[in-house]
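As a plain string of letters, each chain reads:
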Amino acid sequence: MEISFAGKRAIVTGAGKGIGRATALALARCGAEVVAVTRTRADLDSLLLECPSIKPVCVNLGDWGATEEALREAGGNVDLLVNNAAYATLQPFLEVTPDQFDISFNINVKAVLHVSQIVARGMKARGTGGSIVNISSQASQCALQDHTVYCATKGALDMLTKVMALELGPYQIRVNSVNPTVVMTKMGRLAWSDPGKAKTMTSRIPLGRFAEVEDVVNSILFLLSDKSSMTNGVTLPVDGGFLAC
Ligand code: NDP
């Protein structure tokens, strides 16, 4: 399936590493003008070396005011948004701390709401519609050991996706999420590098393996593109069947 984003402007958050970085590069390869948002300058520098057409924005999305300022210019005229940046921490339920709860919800839910507001206001004003993809997780729909806060943020994100789809649909702005299983990025390694622990997860995935970054990117591109033009408000598992069982 040929997908072209020629003439489209895209923002990808958390584009410094992992899935976000690969998504930004894939969008650029498909012809989009890409704005890459992340908080580590060195990641943006190396991204630009790889793809000089990408526009870098360095900001901590957990800072509401700084985000407002950083996206004031870059947030206009956007057709495509990928809310990918997230924070993960592992704590047993009885040991969850208020700071980890606040940091997680601030990045994984509040920042998604905020960046989406900025972008969707521009889309609405221009009347050209758009497509937003939120990167959720299988953890939104299945309890995972020591993932109390992460699961809760991704559950909240799925519902945010649905309400955004409801309210933004009349402006021809589609909002969907992809919900991957484990991907061995920096975040994935945090929880699943131990082979024994990894096996407890892969044994529950009918396809018997974790997802590759490319598996997730392909689903993101599909949901951003006109190939999914009647798809709105879905949470698309990229999980080898984990959530089906
Ligand atoms: P990585 O940790 O590899 O990359 C996350 C990126 O987001 C980094 O560039 C990071 O920057 C950036 N980021 C994090 N917090 C902020 C912030 N406050 N402001 C700006 N940028 C920020 O994660 P993945 O690629 O693995 O994850 C991408 C998405 O996929 C996330 O939403 C995650 O929840 C989801 N996901 C991941 C899975 C996995 O197993 N990897 C499974 C299911 C879902 P920095 O490094 O500088 O902090």
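Residues numbered from 1 in each chain as written. Predicted model: local features only at pLDDT ≥ 70, side-chain atom pairs only at ≥ 80, totals over all residues. Heavy atoms only, no water.

- The name recorded for the protein in an unreviewed UniProt entry is L-xylulose reductase, from Oncorhynchus mykiss.
- The record in UniProt for the protein states the following under Subunit (unreviewed entry): "Homotetramer."
- The record in UniProt for the protein states the following under Sequence similarities (unreviewed entry): "Belongs to the short-chain dehydrogenases/reductases (SDR) family." (UniProt positions renumbered as here; feature names shortened; annotations may be inferred.)

1. Notes on the site of the ligand
Piece 1. What surrounds the ligand is a group of 29 residues, the closest being Lys17, Thr40, Asn84, Tyr150 and Thr185.
Piece 2. The separation between an oxygen atom of the ligand and a polar main-chain atom of Asn84 is 2.7 Å.
Piece 3. Contact distances for the ligand include 3.0 Å between an oxygen atom and a side-chain N or O atom of Lys154.
Piece 4. For the ligand, whose accessible area on its own is 890 Å², the fraction buried by protein is 96%.
Piece 5. Judged by the proximity of its atoms to the pocket grid, the ligand belongs to the largest pocket.
Piece 6. Every element with two or more residues in the shell around the ligand is listed here: helix H1 (18–29), helix H5 (148–168) and helix H6 (186–192).
Piece 7. The element that contributes the greatest number of residues to the shell around the ligand is H6, accounting for three residues. (Near = heavy atom within 4 Å. Polar contact = N/O pair within 3.5 Å; in protein donor to acceptor, adjacent residues only side chain to side chain. Areas by Shrake-Rupley, 256 points an atom, 1.4 Å probe, with all protein chains shown as cover. 1 Å grid on protein atoms, 1.4 Å probe; cavity = no way out; pocket = protein on both sides within 12 Å on 5 of 7 lines; lining within 4 Å. Sits in = over half its atoms within 2 Å of the grid points. Helix = DSSP H or I, 4+ residues; strand = E, 2+ residues; numbered from the N terminus.)

2. What to know about the layout of surface pockets
Piece 1. Within this model, the largest pocket holds a volume of roughly 920 Å³.
Piece 2. The wall of the largest pocket is formed by 42 residues, among which Asn84, Ala86, Tyr87, Thr185 and Met187 lie closest to the centre.
Piece 3. Listing elements by their share of the lining of the largest pocket, those giving two or more residues are H1, strand S2 (33–38), H5 and H6.
Piece 4. It is H6 that provides the largest number of residues to the lining of the largest pocket, a total of six residues.
Piece 5. Class assignment of the residues belonging to the lining of the largest pocket gives a composition of 21 nonpolar, 16 polar and five charged.
Piece 6. Its boundaries defined by the atoms lining it, the second largest pocket holds a volume of some 380 Å³.
Piece 7. Gly130, Gln172, Arg174, Asp226 and Ser229 are, among the 23 residues lining the second largest pocket, the residues nearest its centre.
Piece 8. Secondary-structure elements contributing two or more residues to the lining of the second largest pocket are strand S5 (130–135) and strand S6 (173–180).
Piece 9. Taken together, the residues of the lining of the second largest pocket sort by class into six nonpolar, eleven polar and six charged. (Points joined across faces, edges and corners; volume = space filled by probe spheres on them. Nonpolar A, V, L, I, M, F, W, Y, C, P; charged D, E, K, R; others polar.)

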